[in-house]
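# Summary of the model geometry
Listed here are the chains, written in short residue letters.
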Amino acid sequence: MASHPPVETGFFARRLRLACRPDSATLCLREGRFAVRIEIEDVVAPQGRPAVATALTSDTGGFWVFLGSLTDVEVIIRVEDNETGETWTYRKPPFVLESHADIEALPAPGP
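Numbering of residues starts from 1 in each chain and follows the order in which that chain's sequence is written. For this predicted model, a pLDDT threshold of at least 70 governs which residues receive local features, and a threshold of 80 or more governs which side-chain atom pairs are given and counted, while totals over whole chains, interfaces and linings are taken from all residues. Computation of side-chain values covers all heavy atoms of the structure but excludes hydrogens and water.

## Some thoughts on the pattern of salt bridges
Salt bridge, as used here: a side-chain nitrogen of Lys or Arg that lies within 4 Å of a carboxyl oxygen of Asp or Glu. With the rule as written, the count across this model stands at four salt bridges. Its salt-bridge partner being Arg30, residue Asp59 comes within 3.5 Å of it at the nearest N-O pair. Of this pair, Asp59 sits in the loop between strand E4 (52–55) and strand E5 (61–64) while Arg30 sits in the loop between strand E1 (27–29) and strand E2 (34–41), and the two are 29 residues apart along the sequence. Close ionic contact of Asp81 with Arg33 constitutes a salt bridge, the shortest N to O distance being 2.8 Å. Taken together, the positions of Asp81 in strand E6 (residues 74–81) and Arg33 in the loop between E1 and E2 put the pair 48 residues apart, joining distant regions of the chain. Counting from the N terminus, the helices are DSSP H or I runs at least four residues long and the strands are E runs at least two residues long.

And the structure:
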């Protein structure tokens, strides 16, 4: 019979789940609670390619992508909450000229 390590609970388990690992395609926000990734699909990269993540502060950052609301490429934004496991996916379809803003996507930090 296989033995499994004990399951961590409480503060330390929560901190383990918050282990967002920033890399060239992942932006970690709010001390690692949120992981944000953007993927772009177009005729050059029909299977998709990641946008390059750039952290600005612990709460903000950006991605180097050369597009705007008037672009014809498909853009997929994924946000993962490492504390709750919830994931948001935003998609701008190809050849659709539109932009979006979701100012309530990330919950404000508690007191």
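## Remarks on the pairing of strand E7 (residues 87–92)
Note: E6 against E7, six bridges, orientation antiparallel. Residue pairing in the sheet places Ile76 in a bridge with Arg91 of E7. Counted along the chain from E6 to the antiparallel partner E7, the turn is five residues long, and its residue Gly85 has a positive phi close to 85°. At least two DSSP bridges between two strands are required for those strands to pair.

## Some details on the confidence of the model for the protein
For the protein, per-residue confidence averages 75 on the pLDDT scale, and residues scoring 70 or more make up 71% of the total. As a per-residue quantity, pLDDT reports the predictor's confidence and falls between 0 and 100. Per-element confidence in the protein is highest for E1, whose mean pLDDT is 91, and lowest for helix H1 (residues 11–17), whose mean pLDDT is 50. Note that residues 1–9 has pLDDT below 50 and, in this model, two contacts with residues that lie over four places away or in other chains. Should any heavy atoms of two residues lie within 4.5 Å, those residues are considered in contact.

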